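Single-letter residue listing:
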Amino acid sequence: MVDASADGLGVAVVGFGWMGRVHTQAYTRVPHHYPDLPLRPRLVTVAEEVPGRAEQAAAQFGFASTTRDWREVAADPRVGAVSITAPNFLHREIGVAMAEAGKHIWIEKPVGLTSADARAVADAVAAAGVQGAVGFNYRNAPAVETARELIASGEIGTVTHVRVRLFSDYAAHPEGALTWRYERQRGGSGVLGDLASHGADLARHLLGDIASLTADTAIFVPRRARPTGATAGHSRAAGGELGPVENEDYVSCLLRFASGARGVLEACRVSVGEQNNYGFEVHGTRGAVLWDFRRMNELGVSRGTTYQDQPVSTVYVGPGDGEFGAFQPGAANSMGYDDLKVVEAHRFLRSVAEGRPYGATLPDAVRSAAVLDAMARSAETGAWVDLREAP
């Protein structure tokens, strides 16, 4: 098994689109925010099949080498850990291969196209005895961690219901390119894997296991133009040959939790007027906690014994809440999205250093993927799906 050397843990990034860049930046920032971490990441190599992109990444961030073939990363003895930020259809093959090569892996959700893919990667990680982290970054927000503590402590009483929302406009433009994200074979699901996977993880993280659900999906932009060249992020492709969008733009889901609580999860990638409107409202018998990603460092809290007309207070997170103290010295100083990935990188590297998991793991990805599979099955059949019967 490859492990850290005296000059640090050699890391590689496979797939250098936007998320590959975010992972790379997180590695470079970890020592600044967590100086006591005994394991320092060292950028060894970047793999990207788009011509010139890996070389550009190396020039900008200082990777020692580049390749267009991720298999060379698996065989590279300098590499002890790998970030897998390639398209979804490659997650299973790359994840299993890296684990079998003895590499620790930090992989983006949804970890493949199905729960079987996520389970295959999780099994490979377990069999190899390496560490595996998953990119469920929203659970890392200090306000979310504080909300989880309030819920678990009974501050809002017994949870009765929750609403989780993930509305975005990244695919709202009709000229958005028909990339792999919109194809079943390469993207798998649409907004299910992209946004609802986060929602399923947040719901479980806050309230525990989901017992059953029923869901509905829809495609609102049925045709898009094929890109004529390499794409990154959510590019436009006006004038190209039109092709069909094969996976869903929208999902709504009713949830029943093992605890008896009820929930609503709704996600959409074509919501005009919504820019990353992600969040949740959790209601209990004595209060509520409310979070909006766009105001990431604030938490709405209602608690007490008034019940009717009980006010909601805005709480600003500060040192002592989650990982806030690693970034800012006092409450109401802002953290941002990229900081959540630094938290994730730190927890991944700490897992490698200590040999035990911290943060979101491959089993979390398997459970989230099982929820997504159940949503897809319910949308096809129109029936409730019992997750307690899932393998």
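Throughout what follows, the structure given in this document is the object of discussion. Predicted model only: the values in this text are computed from it and were never measured.

## A short note on the nonpolar core
Within soluble globular proteins, side chains that are nonpolar tend to cluster in buried spots.
Phase 1 of the analysis: In this structure, Phe63, Val282, Trp291 and Met375 are the most contacted members of the largest nonpolar core, which totals 80 residues.
Phase 2 of the analysis: Of the residues forming this core, the biggest block, nine residues, is contributed by helix H8 (residues 191-207).
Phase 3 of the analysis: For methionine 375, the contacting residues outside a window of four places in its chain are Leu192, Leu213, Ala215, Val251, Cys253 and Leu265.
Phase 4 of the analysis: Core analysis: the next-biggest nonpolar cluster, separate from the first, contains 33 residues, Ala12, Val14, Val73 and Val121 among them.

## As for the side chain of aspartate 194
Phase 1 of the analysis: Mapping aspartate 194 onto the fold places it in helix H8.
Phase 2 of the analysis: A residue is classified by how much of its surface remains accessible, and aspartate 194, at 18% relative accessible area, is buried.
Phase 3 of the analysis: Within the structure, aspartate 194 has its side chain in polar contact with the side chain of tyrosine 170 (distance 2.3 Å).
Phase 4 of the analysis: When near neighbours in sequence (up to four residues on either side) are disregarded, aspartate 194 contacts Lys109, Tyr170 and Arg181.

## Focus: the sheet that holds strand S5 (residues 104-107)
Phase 1 of the analysis: Spatial ordering of the open sheet is given by S3-S2-S1-S4-S5-S6, a layout of six strands whose pairing is parallel. Looking at strand neighbours, the two that pair on one side only are strand S3 (65-67) and strand S6 (132-134), the edges of this open sheet. Averaged over all neighbouring strand pairs, the angle between strand axes comes to 20°, with direction disregarded.
Phase 2 of the analysis: Where helix H1 (residues 18-33) meets the sheet, its contacts fall on strand S1 (9-14), strand S2 (41-47), strand S4 (81-84) and S5, and the angle it forms with S2 comes to roughly 165°.

## A few points about the pattern of salt bridges
Phase 1 of the analysis: Summed over all chains, the structure comprises 29 salt bridges.
Phase 2 of the analysis: Three or more residues are tied together by salt bridges with common partners; here these are Arg139, Asp201, Arg204, Asp209, Asp364 and Arg367.

## Thoughts on helix H6 (residues 142-153)
Phase 1 of the analysis: Counted at 1.5 Å a residue, the expected span for H6 with its 12 residues is 16 Å, and the 16 Å between its end C-alpha atoms agrees.
Phase 2 of the analysis: Buried within H6 are the following residues: Pro142, Ala143, Val144, Glu145, Thr146, Ala147, Leu150 and Ile151.
Phase 3 of the analysis: The inward-facing, buried residues of H6 abut strand S7 (159-167), H8, strand S13 (277-284), strand S14 (288-292), strand S15 (298-302) and helix H9 (337-354).
Phase 4 of the analysis: In the stretch just after H6, glycine 154 is the one whose phi turns positive, near 85°.

## Side note on unusual backbone geometry
Phase 1 of the analysis: Between lysine 109 and proline 110 the backbone carries a cis peptide bond, its omega angle lying at 5°.
Phase 2 of the analysis: In this fold, proline 110 is placed in the loop between S5 and helix H5 (115-128).
Phase 3 of the analysis: Of note in this structure, tyrosine 307 is not a glycine but carries a positive phi near 65°.
Phase 4 of the analysis: Tracing the sequence through the fold places tyrosine 307 in the loop between S15 and strand S16 (313-316).
Phase 5 of the analysis: The exposure class assigned to tyrosine 307 is exposed, which follows from its relative accessible area of 51%.
Phase 6 of the analysis: A positive phi angle, near 65°, is found at aspartate 309, a position not held by glycine.
Phase 7 of the analysis: Relative to the elements of secondary structure, aspartate 309 occurs in the loop between S15 and S16.
Phase 8 of the analysis: Overall, the relative accessible area of 72% leaves aspartate 309 in the exposed class.

## Considering the pairing of S2
Phase 1 of the analysis: When you tally the buried positions in S2, you get six out of seven residues, the bulk of the element.
Phase 2 of the analysis: Both S1 and S2 contribute to a ladder of six bridges, which runs parallel. Along S2, the bridge assignment pairs valine 14 with alanine 47.
Phase 3 of the analysis: Handedness of the crossover joining S1 and S2 through H1 is recorded here as right-handed.
Phase 4 of the analysis: The β-α-β motif built from S2, the intervening helix H2 (residues 53-61) and the parallel element S3 has right-handed crossover chirality.

Criteria and thresholds
- Every chain's residues receive numbers from 1 upward, in the order its sequence appears when written.
- At least 70 in pLDDT is required for a residue's local features to be given in this predicted model, at least 80 for side-chain atom pairs to be given and counted, and no such filter applies to totals for whole chains, interfaces and linings, which use all residues.
- As a rule here, side-chain values cover all heavy atoms of the structure and leave hydrogens and water aside.
- Residues grouped as a nonpolar core are buried Ala, Val, Leu, Ile, Met, Phe, Trp, Tyr and Cys residues, joined through side-chain atoms within 4.5 Å.
- Throughout, exposure labels follow a simple rule: accessible area from a 1.4 Å probe, protein chains only, divided by the maximum for the residue type, with under 20% read as buried, over 50% as exposed, and the rest as partly exposed.
- Runs of H or I in DSSP of at least four residues are treated as helices and runs of E of at least two as strands, each being numbered from the N terminus.
- We call two residues in contact whenever any of their non-hydrogen atoms come within 4.5 Å of each other.
- Pairs of N or O atoms within 3.5 Å make up the polar contacts considered here, provided that, within protein, one atom can donate a hydrogen while the other can accept it, and that residues adjacent in sequence are counted only when both atoms are side-chain atoms.
- A pair of strands is considered paired only if DSSP assigns at least 2 bridges between the two.
- Under this scheme, a helix contributes an axis fitted over its contacting stretch, all axes are lines through C-alpha atoms, and angles between N-to-C directions fall in the 0 to 180 degree range.
- By salt bridge we mean one thing: a side-chain nitrogen of Lys or Arg within 4 Å of a carboxyl oxygen of Asp or Glu.
- The span expected for a helix works out to 1.5 Å for each residue beyond the first.
- For the handedness criterion, the strands are oriented away from the viewer, and a crossover whose path from the first strand over the helix to the second runs clockwise is classed as right-handed.

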